[in-house]
Amino acid sequence: MNNSAINVDQLNSALNSLRVLRSSVSHVFETLSNGLRADHGEDGKDKFLLELQELLNNVNINLRDLEQTVNGLPIPTAPFNLGTTSFLSHETTQDRQALYTQLVNSYKWTDKIHEYSSFAHTLLSQNSLKRSYINSGSTKRRGKLQSNHNVAPLQVDNVINNIDRSYSDMKITISRPFASNAVVQINLSHVLKAVVAFKGLLMEWVMVKGYGESLDLWSESRHFVFRKVTENAHAAMLHFYSPTLPELAVRSFMTWLHSYVNLFSEPCKRCSCHLHHTSLLPPAWRDFRTLEPFHDECKQ
Ligand SMILES: [Zn+2]
């Protein structure tokens, strides 16, 4: 015990001289980086060199001191005893040992969640199916947001009747078999019929059938081409959906649906054929922007 106390004193003085040495070295560099100062006067260069030499002498002296004190230290015969701290890694309580594995597992989980959520974010921002308010993003618009699915029937009627009036070859009739929500039947020339179920101003379901077929919400057309158009209409319904401009969404969808008036008369824009050479179907896809007809296989 007594022996180790002496050791501590020696160690202290060794550390002290190390500190002094470091301080004098940093003093040298400080002086060097400052360069010539005003108080060096006219013939500053010589004075500066003298000052530097003195500082370097100091370093030399301090280094010698350090060497002496270090030499005086006894060489340790065995590794230092760290006392009870070495038992830290030997935790004996079972439930505390289990904590470690749990910790590692939860770390892995958060890591995975982070990874997956960043993938999901990239994918979702590419395919913006904006059927919720969450994605509508910009805070400046948030104040004006109104509910799309809780709109007065009169307002819905106005929107749909306005659209009806703007097409001479597309007849839209409204019925309300399910309480206040509108179910809209569309007769497009002699080409097709469609039924659209609304919830407020939000389009929820579309079913497209041939001109001669009976129309209801759930049974599919017996013709493959109208089943294809139904499928594409669902895509359009999602594409045009806008949480902030519900009227525009309905109008855009109706404009898009109206472009099917030439379903059997207009050839595909890409292959210029009426019937596709393998599927033998007319162009059942309409571009969302240009409304040009394409075969499903040709739309890219
Ligand atoms: Zn084609």
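Provided above is the structure to which this section pertains.
If you're wondering where the values come from, they're calculated on a predicted model, not measured in any experiment.

The rules we used
- Residues numbered from 1 in each chain as written.
- Predicted model: local features only at pLDDT ≥ 70, side-chain atom pairs only at ≥ 80, totals over all residues.
- Heavy atoms only, no water.
- Pairing = 2+ DSSP bridges.
- Helix = DSSP H or I, 4+ residues; strand = E, 2+ residues; numbered from the N terminus.
- Axes fitted to C-alpha atoms, helices over the stretch in contact; angles between N-to-C directions.
- Contact = heavy atoms within 4.5 Å.
- Expected span 1.5 Å × (residues − 1).
- Buried < 20%, exposed > 50% of the residue type's maximum accessible area, 1.4 Å probe, protein only.
- Donors = N, O, S within 2.8 Å, 3.2 Å for Na, K, Ca; no water.
- Tetrahedral: all angles 85-135°; square planar, octahedral: opposite > 155°, others 65-115°.
- Left-handed = near helix turned anticlockwise from the far one by under 90°.
- Nonpolar A, V, L, I, M, F, W, Y, C, P; charged D, E, K, R; others polar.

Q: Pulling in residues and values, what's your account of the sheet that holds strand 2 (residues 181–188)?
A: Spatially, the four strands line up as an open sheet ordered 1-2-3-4, and their pairing is antiparallel. Either end of the sheet is taken by a strand with one partner, and the two such strands are strand 1 (170–178) and strand 4 (202–210). Direction aside, neighbouring strands of the sheet carry axes that sit 20° apart on average. Pairing between strand 2 and strand 3 (residues 192–199): six bridges, direction antiparallel. Pairing of Leu-188 across the sheet is with Leu-192, part of strand 3. Set on the sheet, helix 5 (residues 153–165) makes contact with strand 1, strand 2 and strand 3; between it and strand 1 the angle comes to about 160°.

Q: Outline helix 7 (residues 246–258), listing residues and values.
A: Relative to the 18 Å expected for 13 residues at 1.5 Å per residue, helix 7 spans 18 Å between its end C-alpha atoms, a close match to the ideal helical length. For helix 7, the set of buried residues is Pro-246, Ala-249, Val-250, Phe-253, Met-254, Trp-256, Leu-257 and His-258.

Q: I'd like a rundown of the coordination of the zinc ion, residues and numbers included.
A: The protein atoms that coordinate the zinc ion are Cys-268 (SG), Cys-271 (SG), His-295 (ND1) and Cys-298 (SG), at distances spanning 2.1 to 2.4 Å. Every donor counted, the four donor atoms about the zinc ion form angles of 99 to 117° at the centre, which fits tetrahedral coordination. Exposure remark for Cys-298: the relative accessible area of 6% places this residue in the buried category.

Q: Break down the packing of helix 5 against helix 7 for me, citing the residues and quoting the values.
A: It is at 10 Å that the axes of helix 5 and helix 7 come closest, and there the two elements cross at 30°. You can see that helix 5 and helix 7 cross each other, and the crossing is right-handed. Counted together, Gln-155, Val-159, Asn-162 and Ile-163 of helix 5 and Glu-247, Val-250, Arg-251 and Met-254 of helix 7 form the full contact between these two elements. When its residues are assigned to classes, the contact of helix 5 with helix 7 shows four nonpolar, two polar and two charged.

The values reported here are purely geometric and, on their own, carry no functional implication.
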